Amino acid sequence: MTNQKLSPAKFTLLGFQHMFAMFGATVLVPTLTGLSVSATLLFAGLGTLLFHLITGGKVPAFLGSSFAFLGGYAAVKAMPQFADGTMNWIPYAGVGVAVAGLIYVVVAGLFKIFGAQKVMRFFPPIVTGPIIICIGMILANSAINNCSNNWLIAILAVAFNIWGKGMFKIIPILLGVVGSYAVAAVTGQVDFTPVKEAAWLGLPFQWKDTAFSLFGGCDGTLLLNCIITVAPIALATMMEHIGDMSAISSTVGKNFIADPGLHRSLLGDGLATTMAALFGAPANTTYGENTGVLALTRVYNPAVVRMAAVLAVVFSFCPKFAELIHCMPAATIGGVSLILYGMISAVGVRNVVENQVDFAKSRNVIIAA
């Protein structure tokens, strides 16, 4: 199922669909933090390609912006040293996130030494299943909030998921995004002024936002404080990574925790996060949204995800495209996300059911609760 032969047209369209699937959440992180949308797209794409290189191209996973680090960014931004705006907080936060990525690398080494089986004994289906369910349910709240901006547009965004036939059934998310966006634009609900004013070509990131800009003028104490504030978040996101890998494995029907192994997937995730952070982009994480796409389309070919990564890199060099994403109606994002987040939770339920977890045992009920 992971090596389906696809026509060039279907291959490209499915790649676009995976790219659109990650847009809502990936672009929301820089929107909330003040980071660059273009840099985010660039390193989501490059990070995904690096992840696939390290994992041998076996895992159909896309790496997008991690929401877990929003609190860390907010904490750094609120530090008194950055209050007057004379110092740029982004490179300092970036170093903290980069160190978090290196923690992944260390833990990946431990997985390699002791083996995934010994470690995964502490993450049985009764643990990973509810984690996957919670990931979808937690994300669903943001989808509902976005949908409430305009429920009609949101419903249009999911219509192809319900009634699409043939090719429409294969690319429901892409068609839902384009269709609902077009309706919103025609009815005057989208302001395209920022798109008109943006340039066609431009660099995705600025030097002042990179960690390298700190050379020669860095406050060492402040940098250490930022690292201490942000880096420990890696302990939480690694658990999320294991949950996501379990979700992808369950969706595809292959045990990616064993092959290529958690040590490789963690290494790829960590190095992608470090690379992105050093250039002023958000931390990366394996994306549940794209797991939802896999479940909907049943096309598990990792090459399709790599196609989406290449498209993200290409479009990152177009400021006009970044502004076009900025202008996307929140209801469109919400409508598409609602289906995808629900699919994630459904995969968690499936993980529990297929492993025949016995809920007659009070221990299992307590763990799940």
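Caption draft 1: A look at the packing of helix H4 (residues 89-114) against helix H12 (residues 234-252). Here H4 crosses H12 at 55°, and the two axes come no closer than 10 Å. Compared by their axis directions, H4 and H12 come out oblique. The handedness of the crossing between H4 and H12 is right-handed. Side by side, H4 and H12 meet where Ala100, Ile103, Tyr104, Val107 and Phe111 of the first sit next to Ala234, Thr237, Met238 and Ile242 of the second. Tallied by class, residues from the contact of H4 with H12 come to eight nonpolar, one polar and no charged.

Caption draft 2: Summary view of the pattern of salt bridges. The tally for this structure, following the rule as stated, stands at two salt bridges. Here Lys208 ties to Asp209 by a salt bridge, and the two come within 3.3 Å at their closest N and O atoms.

Caption draft 3: Looking closely at helix H2 (residues 37-54). Compared with the 26 Å implied by 1.5 Å per residue over 18 residues, the 26 Å span of H2 between its first and last C-alpha is a close match. Of all 18 residues in H2, 14 are buried, a share of seventy percent or more. One side-chain oxygen at the N-terminal end of H2 lies 3.3 Å from the backbone nitrogen of Ser38; it belongs to Ser36. At the C-terminal side of H2, Gly56 shows a positive phi close to 70°.

Caption draft 4: How the structure looks around helix H13 (residues 257-278). At Arg264, H13 shows its maximal bend, which comes to roughly 45°. Taken from the residues just after H13, Gly280 is the one with a positive phi, measuring 80°.

Caption draft 5: Local environment of unusual backbone geometry. For the peptide bond that leads from Asp259 to Pro260, omega is 15°, which places it in the cis range. By secondary structure assignment, the location of Pro260 is in helix H13.

Caption draft 6: Highlighting the packing of H4 against H13. As a packed pair, H4 and H13 sit with axes 8 Å apart at the nearest point and diverge in direction by 165°. It follows from the interaxial angle that H4 and H13 lie roughly antiparallel. Like other packed secondary-structure pairs, H4 and H13 cross with a definite hand, here left-handed. Residues Gly94, Val97, Ala98, Gly101, Leu102, Tyr104, Val105, Val107, Ala108, Phe111 and Lys112 of H4 pack against Leu262, His263, Leu266, Leu267, Asp269, Gly270, Leu271, Thr273, Thr274, Ala277 and Leu278 of H13.

Caption draft 7: Just the nonpolar core, in detail. Grouped together as the largest cluster of nonpolar side chains are 44 residues, with contacts concentrated most on Phe69, Val76, Phe82 and Trp89. Filtering out sequence-adjacent residues up to four positions away, Trp89 remains in contact with Thr33, Leu35, Tyr73, Val76, Lys77 and Phe82. Phe20, Ala184, Val190 and Cys327 belong to the second-largest nonpolar core, a separate cluster that totals 37 residues.

Caption draft 8: Main features of the side chain of Thr55. Among the structural elements, Thr55 can be located in the loop between H2 and strand E1 (63-65). Relative accessible area serves as the criterion here: at 2%, Thr55 is assigned to the buried category. Of the polar contacts made by the side chain of Thr55, one reaches the backbone oxygen of Phe51; its length is 2.7 Å.

Caption draft 9: Main features of the side chain of Asp244. With respect to the secondary-structure elements, Asp244 resides in helix H12. Accessibility expressed as a relative area gives 5% for Asp244, which makes it buried. Sequence-distant contacts of Asp244, that is, excluding residues within four places in its chain, are made with Ile135, Thr285 and Thr286.

Caption draft 10: Seen up close, the packing of aromatic side chains. All told, the structure shown has 10 aromatic pairs when counted by the stated rule. Both rings, one in Phe43 and one in Phe205, keep their centres 6.2 Å apart while their planes meet at 50°; by these two values the pair is tilted. Of this pair, Phe43 sits in helix H2 while Phe205 sits in the loop between helix H10 (193-197) and helix H11 (220-230), placing them 162 residues apart in sequence. Here Tyr181 and Phe192 contribute two aromatic rings whose centre-to-centre distance is 6.2 Å and whose plane-to-plane angle is 10°, an arrangement assigned as stacked. A residue pair is termed long-range when its members are at least 10 positions apart, and Tyr181 in helix H9 (residues 172-186) and Phe192 in the loop between H9 and H10 qualify at 11 residues. Exposure remark for Tyr181: the relative accessible area of 10% places this residue in the buried category. Judged by its relative accessible area of 27%, Phe192 falls in the partly exposed class. Site record: aromatic cluster; members linked through ring pairs are Phe43, Phe205, Trp207, Phe212 and Phe279.

What counts as what
Residues numbered from 1 in each chain as written. Predicted model: local features only at pLDDT ≥ 70, side-chain atom pairs only at ≥ 80, totals over all residues. Heavy atoms only, no water. Axes fitted to C-alpha atoms, helices over the stretch in contact; angles between N-to-C directions. Helix = DSSP H or I, 4+ residues; strand = E, 2+ residues; numbered from the N terminus. Parallel < 35°, antiparallel > 145°, perpendicular 65-115°, else oblique. Left-handed = near helix turned anticlockwise from the far one by under 90°. Contact = heavy atoms within 4.5 Å. Nonpolar A, V, L, I, M, F, W, Y, C, P; charged D, E, K, R; others polar. Salt bridge = Lys/Arg side-chain N within 4 Å of Asp/Glu carboxyl O. Expected span 1.5 Å × (residues − 1). Buried < 20%, exposed > 50% of the residue type's maximum accessible area, 1.4 Å probe, protein only. Polar contact = N/O pair within 3.5 Å; in protein donor to acceptor, adjacent residues only side chain to side chain. Bend = angle between axes of the 7 residues up to and from the residue. Core = buried A, V, L, I, M, F, W, Y, C linked by side-chain atoms within 4.5 Å. Phe/Tyr/Trp six-rings, centres within 6.5 Å; stacked < 30°, edge-to-face > 60°.

The analysis is restricted to geometry; functional conclusions fall outside its scope.
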